[in-house]
Amino acid sequence: MLDSRDQKETYNCSAVNILGQARALVQLISQNILSVPVHPRVSLHPGPHCAIEESNYTLPSCHVTGYPTPVVSWKKSSGPLPQGRVKYNNSALQILHLRKYDSDVYFCSASNLLGRVEKKILLVVVSPPRFTVKPPAKVVAWVGSTLRLNCSATGDLQPVISWKKQGGQLPVGRSQQINGDLVIRDISKNDRGNYICIATNARVFEAETVTCTEVEERISSSIILASLDSKYLIKLSLYLDPVLQSPGRSRFVSRCWQGKPDRWLGVINIPH
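Residues numbered from 1 in each chain as written. Predicted model: local features only at pLDDT ≥ 70, side-chain atom pairs only at ≥ 80, totals over all residues. Heavy atoms only, no water.

Looking at an unreviewed UniProt entry, the protein chain carries the name Ig-like domain-containing protein, with the source organism given as Porites evermanni.

In structure tokens, the structure reads:
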């Protein structure tokens, strides 16, 4: 601490000749500085402070005052500081490539000729969230249907699952989150887009996964039949009527339903 005491002195300079006299005043200020030793003090946020595994993390700065200037040092509660993975920057301590066992109480101490003082800080090293169930990267939903996207994650601190829609909001009144899954009822074409599942632990660290959702209209058999040319419908009817009335109709119908659409034409073999 500096104790300043100012001393002021005024000097009078005068000059006289046969024509008259002149005078000037000059003020001289002298400063006397006394150095007073001050006991060291430390200010440090105790935490807890969370850091992610394998990252480089700098502990909050240890703010130190005192005179003469205190010497700052760090120590770990349960043993020596991580060997080869520590960097000092004045009152800041950085730990490289964090491990789980770096979680501990750390002490910052400051000392000068008047004594020594220390404050502690708690560091907690956590693993980032990891998805145990991810929704598919792309899904197709039908208009009017219900869509369910499954999402769950794990971590040292149980992650919290939340959902958002990229560039918009979740459908109001038709969407809800059930045990981490996103459920959207009565799907409409406005619901197409990217849905993002977010896993957060320690309210700090996040992991995300994205699902692209397409919405399509259902195509009914009436729409398919309406798209056919009328001449083919007549030929189809003429061909199917006797077949469906024959004793072997069950085998024919079974074969058609089990086949793919292109097999229908092979079975029916409609002449052009």
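Student: Would you take a moment to explain the overall build of the protein chain for this structure?
Tutor: Across its full length, the protein chain holds four helices and 20 strands. For the protein chain, buried positions account for 29% of its 272 residues. A separation of at least 24 residues holds for 61% of the contacts in the protein chain among residues at least 6 apart in sequence. Counting only carbon and sulfur atoms, one obtains 53% of the accessible surface of the protein chain, whose full area is about 18,300 Å². (Helix = DSSP H or I, 4+ residues; strand = E, 2+ residues; numbered from the N terminus. Buried < 20%, exposed > 50% of the residue type's maximum accessible area, 1.4 Å probe, protein only. Contact = heavy atoms within 4.5 Å. Areas by Shrake-Rupley, 256 points an atom, 1.4 Å probe, with all protein chains shown as cover.)

Student: Teacher, can you tell me more about the state of the cysteines here?
Tutor: Put plainly, a disulfide is one covalent bond tying together the sulfur atoms of two cysteines. Applying the stated criterion across every chain, the model contains two disulfides. Note on cysteine connectivity: Cys62 is disulfide-linked to Cys108, with sulfurs 1.8 Å apart. Because the sign of the S-S torsion sets the handedness, a value of about -95° for the bond joining Cys62 and Cys108 places this disulfide among the left-handed ones. Within this pair, whereas Cys62 is found in the loop between strand E5 (57-58) and strand E6 (63-67), its partner Cys108 is found in strand E10 (residues 104-112), the two being separated by 46 residues in sequence. The exposure classification of Cys62 matches that of Cys108, with both residues buried. A sulfur-sulfur distance of 1.9 Å marks the disulfide that ties Cys151 to Cys197. (Disulfide = S-S within 2.5 Å.)

Student: Before we go on, may I ask you to explain the pattern of salt bridges in this structure?
Tutor: Under the defined criterion, the tally for this structure stands at six salt bridges. Linking Arg99 and Glu54 is a salt bridge whose minimum nitrogen-to-oxygen distance equals 3.8 Å. Pair noted here: Arg99 is in the loop between strand E9 (92-95) and E10 and Glu54 is in the loop between strand E4 (49-52) and E5, with a separation of 45 residues, a long-range link. Salt-bridge contacts for Glu118 lead to Arg116; the nearest nitrogen and oxygen are separated by 3.3 Å. Within the structure, one salt-bridge network assembled from shared partners comprises Lys75, Arg116 and Glu118. (Salt bridge = Lys/Arg side-chain N within 4 Å of Asp/Glu carboxyl O.)

Student: Help me understand the packing of aromatic side chains in this model?
Tutor: One pair of aromatic rings is described through two measures. These are the centre distance and the angle between the planes. Inspection of the entire model under this criterion finds zero aromatic pairs. Positioned above the aromatic ring of Phe107 is the side chain of Lys75, whose terminal nitrogen or guanidinium carbon lies 5.5 Å from the ring centre. (Phe/Tyr/Trp six-rings, centres within 6.5 Å; stacked < 30°, edge-to-face > 60°. Lys NZ or Arg CZ within 6 Å of the ring centre and 35° of its normal.)

Student: Looking at this structure, how should I read the side chain of Thr209?
Tutor: In this structure, Thr209 sits in strand E20 (residues 205-216). Apart from residues no more than four positions distant in its own chain, Thr209 is found in contact with Phe131, Lys134, Pro135, Cys151, Tyr195, Ile196 and Cys197.

Student: Got a minute to help me understand the pairing of E4 in this structure?
Tutor: On E4, burial follows the alternation: His49 and Ala51 on one face are buried, whereas Cys50 and Ile52 on the facing-out side are not. One ladder, built from four bridges, connects E4 with strand E11 (residues 115-126); its direction is parallel. Looking across to E11, one finds that Ala51 is bridged to Val125. (Pairing = 2+ DSSP bridges.)

Student: Would you take a moment to explain the sheet that holds strand E8 (residues 86-89) for this structure?
Tutor: Whenever strands of a sheet pair, they do so through backbone hydrogen bonds, lying parallel or antiparallel. Spatial strand order, E5-E9-E8: three strands in an open sheet with antiparallel pairing. With partners counted over all chains shown, the strands left at the sheet margins are E5 and E8, one partner each. Pairing of E5 with E9 involves two bridges; the strand directions are antiparallel. When the bridges of E9 are listed, Tyr57 appears paired with Ile95.

Student: What exactly am I supposed to notice about the confidence of the model for the protein chain here?
Tutor: Looking at the protein chain, pLDDT values average 81 and 74% of them are 70 or higher. When the criterion is pLDDT under 50, residues 252-272 qualifies, and its contacts beyond four places in sequence or with other chains add up to 20 contacts. (pLDDT = per-residue confidence, 0-100.)

Student: Help me understand the side chain of Ser91 in this model?
Tutor: As for its position among the elements, Ser91 is in the loop between E8 and E9. Looking at Ser91, its side chain comes within polar contact range of the main-chain oxygen of Cys62, at 3.0 Å. (Polar contact = N/O pair within 3.5 Å; in protein donor to acceptor, adjacent residues only side chain to side chain.)

Student: Which parts of the structure should I look at to understand the sheet that holds strand E16 (residues 160-165)?
Tutor: Pairing within the open sheet is mixed, and its four strands lie in the order E13-E20-E19-E16. Strands at the two margins of the open sheet, each flanked by one partner only, are strand E13 (138-142) and E16. Across this sheet, the average inter-strand angle for adjacent strands is 30°, counted without regard to direction. The sheet contact formed by E13 and E20 spans five bridges and is parallel. When the bridges of E20 are listed, Lys138 appears paired with Cys212. (Axes fitted to C-alpha atoms, helices over the stretch in contact; angles between N-to-C directions.)

Student: Sorry, what's going on with unusual backbone geometry here?
Tutor: A cis geometry characterises the amide bond from Gly47 onward to Pro48, with omega recorded as 10°. Structurally, Pro48 can be placed in the loop between strand E3 (38-43) and E4. Here the amide bond leading from Tyr67 into Pro68 is cis, since omega sits at -5°, within 30 degrees of zero. Relative to the assigned elements, Pro68 resides in the loop between E6 and strand E7 (71-76). The backbone of Glu54 sits at a positive phi, close to 75°, despite the residue not being glycine.

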